Amino acid sequence: MRDYDFGMIGLGVMGQNLLFNMADKGFSVIGYDKLEEKALALESGATANTLVKGVTELQEMIDGLSLPRRIMMLVPAGKIVDDVIAELLPLLAPGDIVIDAGNSFYKDTVRRVQYLKEHDIHFMGMGISGGEKGARYGASLMPGGDRTAYNHVHNLLQAVAAEVNGEACTAYMGNGAAGHYVKMVHNGIEYAMMQIISEVYDILKNGLQLHNRQIHEVFKKWNEGRLQSYLVQITADIFLKKDEFTSADLVDMILDKAGSKGTGKWTSQEAMDIYISIPTIDTAVSMRMLSWQKEERVLASKLYAFPATVIDTNDQDVFIDKLEDALYVAFIICYAQGLTMLQKASAEYSMDIPLKDVVKIWRGGCIIRSLLLEDFYQAFVKDNDMTNILLDKNIANLISPRMEAFREVVAKAVMASIASGGLQNTLAYIENYASEKMPTNLIQAQRDYFGAHQYERIDREGMFHTDWDSLNF
Ligand SMILES: NC(=O)C1=CN([C@@H]2O[C@H](COP(=O)(O)OP(=O)(O)OC[C@H]3O[C@@H](n4cnc5c(N)ncnc54)[C@H](OP(=O)(O)O)[C@@H]3O)[C@@H](O)[C@H]2O)C=CC1
Ligand SMILES: O=C(CO)[C@H](O)[C@H](O)COP(=O)(O)O
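Residues numbered from 1 in each chain as written. Chains lettered and ligands numbered in written order. Predicted model: local features only at pLDDT ≥ 70, side-chain atom pairs only at ≥ 80, totals over all residues. Heavy atoms only, no water.

## Things to note about the environment of Leu-88
With respect to the helices, strands and loops of the structure, Leu-88 is situated in helix α4 (residues 79–88). Residue Leu-88 is classed as buried on the basis of its relative accessible area, which comes to 1%. With 26 residues separating them in the primary sequence, Leu-88 and Ile-62 have C-alpha atoms 8.9 Å apart. With sequence-adjacent residues up to four places away left out, Leu-88 is seen in contact with Ile-9, Leu-58, Ile-62, Ile-71 and Val-98. (Helix = DSSP H or I, 4+ residues; strand = E, 2+ residues; numbered from the N terminus. Buried < 20%, exposed > 50% of the residue type's maximum accessible area, 1.4 Å probe, protein only. Contact = heavy atoms within 4.5 Å.)

## Focus: the packing of aromatic side chains
Summed over the entire model, instances satisfying the criterion amount to 15 aromatic pairs. Above the ring of Tyr-172, the side-chain terminus of Arg-147 is found at 3.7 Å from the ring centroid. Of note, Arg-226 hangs over the ring of Tyr-328, and the distance from its end group to the ring centre comes to 5.4 Å. (Phe/Tyr/Trp six-rings, centres within 6.5 Å; stacked < 30°, edge-to-face > 60°. Lys NZ or Arg CZ within 6 Å of the ring centre and 35° of its normal.)

## Overview of the sheet that holds strand β6 (residues 122–129)
On the basis of which strands lie adjacent, the open sheet formed by seven strands has the order β3-β2-β1-β4-β5-β6-β7 and mixed pairing. Looking at strand neighbours, the two that pair on one side only are β3 (52–55) and β7 (140–145), the edges of this open sheet. Each strand of the sheet is rotated relative to its neighbour by a mean of 25 degrees, with strand direction disregarded. Both strand β1 (residues 6–9) and strand β2 (residues 29–32) contribute to a ladder of four bridges, which runs parallel. Within β2, the residue paired with Met-8 across the bridge is Gly-31. (Pairing = 2+ DSSP bridges. Axes fitted to C-alpha atoms, helices over the stretch in contact; angles between N-to-C directions.)

## Regarding the domain arrangement of the protein chain
When the domains of the protein chain are assigned, the result is domain 1 (6–172) and domain 2 (183–433). Each of domain 1 and domain 2 was reduced to a C-alpha centroid, and the two centroids are 31 Å apart. Contacts between domain 1 and domain 2 engage 24 residues on the former and 20 residues on the latter. Both faces considered, domain 1 and domain 2 share a buried interface measuring about 1,600 Å² in area, 61% of it formed by carbon and sulfur atoms. Seen at the junction of domain 1 and domain 2, the total is three salt bridges. Among the ionic pairs, Glu-270 bridges to Lys-107, the shortest N-O distance being 3.7 Å. Where domain 1 touches domain 2, the interface holds eight residue pairs in polar contact (both at pLDDT 80 or more). (Domains from an automatic or database assignment. Buried area = accessible area lost by both parts, 1.4 Å probe. Salt bridge = Lys/Arg side-chain N within 4 Å of Asp/Glu carboxyl O. Polar contact = N/O pair within 3.5 Å; in protein donor to acceptor, adjacent residues only side chain to side chain.)

## Topic: helix α15 (residues 316–348)
Over its 33 residues, α15 runs 48 Å from end to end, which matches the ideal 48 Å to within 8%, given 1.5 Å per residue. For α15, the buried fraction is high: 25 of the 33 residues fall into the buried class. At the N-terminal boundary of α15, the capping side chain belongs to Asp-315, with an oxygen 3.0 Å from the backbone nitrogen of Asp-317. Immediately downstream of α15, the backbone of Ser-350 shows phi near 50 degrees, a positive value. (Expected span 1.5 Å × (residues − 1).)

## Comments concerning the UniProt feature "domain: 6-phosphogluconate dehydrogenase C-terminal" (unreviewed entry) in the protein chain
As annotated in UniProt, the feature "domain: 6-phosphogluconate dehydrogenase C-terminal" (unreviewed entry) corresponds to residues 179–469 in the numbering used here. For residues 179–469, the helix share is 64%, the strand share is 1%, and the end-to-end C-alpha distance is 53 Å. (UniProt positions renumbered as here; feature names shortened; annotations may be inferred.)

## Notes on the site of ligand 2
Close to ligand 2 lie Asn-103, Ser-129, Lys-183, His-186, Asn-187, Glu-190, Tyr-191, Ser-260, Lys-261, Arg-288 and Ile-367. In this structure, an oxygen atom belonging to ligand 2 sits 2.8 Å away from a side-chain N or O atom of Asn-103. Within the side chain of Arg-288, an N or O atom sits 2.9 Å from an oxygen atom of ligand 2. Computed on the free molecule, ligand 2 has an accessible area of 360 Å², of which 74% lies beneath the protein chains in the complex. Here the element with the most residues in the shell around ligand 2 is helix α8 (residues 178–207); it accounts for five residues. (Near = heavy atom within 4 Å. Areas by Shrake-Rupley, 256 points an atom, 1.4 Å probe, with all protein chains shown as cover.)

Next comes the structure, spelled out in structure tokens:
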């Protein structure tokens with residue numbers, strides 16, 4: 001019987017919750033998972049009187065969907081997506097729609113779009129952010145690519161997305177693999193913000209010697225002001241959680257090795273490929289990798305005694321206000337780096353990504369949602385083609401008065417031996433970006449000296465080479 005509106009492959013954290021969300025909005029849905037307990041859990045967990053069916057055979061899902069079939073995959077990225085497509089393809093009919101909403105690498109999506117097009121299947125890559133709760137009650141959804149597919153699922157996506165000011169946090173992100181590209185960069189920004197927050201935590205804990213309860217209070221207060229954001233909010237919560245096995249706070253019992261599924265690394269790799277500087281994201285990726293070398297770090301810590309020292313402040317509350325300023329500026333610059341990358345990639349790969357809509361749909365539902373997104377949205381409404389939000393006058397007015405505090409925080413962290421690579425590189429980024437003259441003239445002279453690479457001059461056109469050996473000292 002072909003009467004269900006939507007099918008889902010993968011009933012894990014995201015797939016199951018998104019289906020419940022769809023069902024609550026009035027859509028009839030079928031979920032497939034090879035494990036019977038997951039199919040049963042789908043039916044038993046759904047809201048009463050919603051139309052939710054769990055199946056363990058793909059064919060059963062195929063037979064139950066109205067035409068053209070609309071099927072979403074929420075399975076781990078990589079080979080599994082290709083395996084699912086291989087299993088699904090013989091069962092589909094021309095015109096059916098398949099959406100990969102996992103964190104797939106965008107180049108895989110480009111390949112899959114082409115492959116499925118040859119079989120008359122509309123394939124669309126979509127980013128989704130918001131975690132378990134977002135999937136259940138309203139996420140930020142980043143669909144891109146096949147317009148036909150988009151038109152067929154647009155209403156459904158609008159219904160399950162988060163809302164800000166009465167507007168759904170979903171929009172068409174552009175051509176080809178734009179949906180997955182935007183999600184990749186979203187995650188790069190997420191990595192950068194998390195790295196900066198962790199450094200600020202280190203400063204509060206080791207530099208100012210605050211206890212977890214006090215650190216909770218600081219983040220809670222910040223979340224009530226201009227730093228209001230999902231990541232600051234959950235950070236505040238984390239410091240209150242008690243460990244279930246000991247009497248300690250849970251945060252103190254967690255091993256300092258940060259996991260990573262790939263999206264952050266891809267963002268860094270891709271930024272290099274399109275010649276865009278995103279040092280905060282690069283640092284965040286790099287520090288997660290360094291965190292994995294726990295055993296080696298323990299050995300090194302015995303060789304190099306860099307104990308964090310207490311930060312000397314005349315007034316701790318005043319310094320905490322400066323820390324708030326530093327975090328605020330650093331957040332803006334994390335977004336600036338990611339958005340600049342999106343703007344360049346959009347042109348480079350003809351994706352036509354509407355930056356105005358990207359920041360608009362990130363205002364709610366997603367992990368990097370924050371009050372700041374509204375400022376960025378207003379900036380892109382004025383100029384959707386802006387290469388860097390740091391060029392917007394209003395954004396500059398948010399940053400400039402806080403630069404002194406930012407510098408002081410970085411300087412004090414460095415002097416206290418608190419590793420703060422994210423903050424430092426963020427500061428270096430803005431110092432260089434807003435610098436009429438960088439010291440790169442010397443690099444050009446060196447390159448010409450050892451490799452006859454030539455240099456441009458400040459006073460005349462053309463390329464020049466100097467015989468540097470024949471110096472007249
Ligand atoms: N968790 C999050 O916060 C977010 C995750 N994502 C992305 O969404 C996707 C899903 O994530 P999440 O729900 O957390 O993952 P889970 O691990 O919770 O669930 C993955 C699901 O995929 C199913 N699966 C695995 N292999 C196959 C296969 N060969 N055929 C059919 N189904 C298969 C699993 O079924 P079984 O258990 O039976 O093996 C499971 O139900 C990933 O790409 C992830 O990166 C995106 C945004 C946020
Ligand atoms: O996409 C997400 C959030 O937006 C997922 O939670 C993702 O797993 C986060 O990345 P990582 O696992 O590499 O930290």
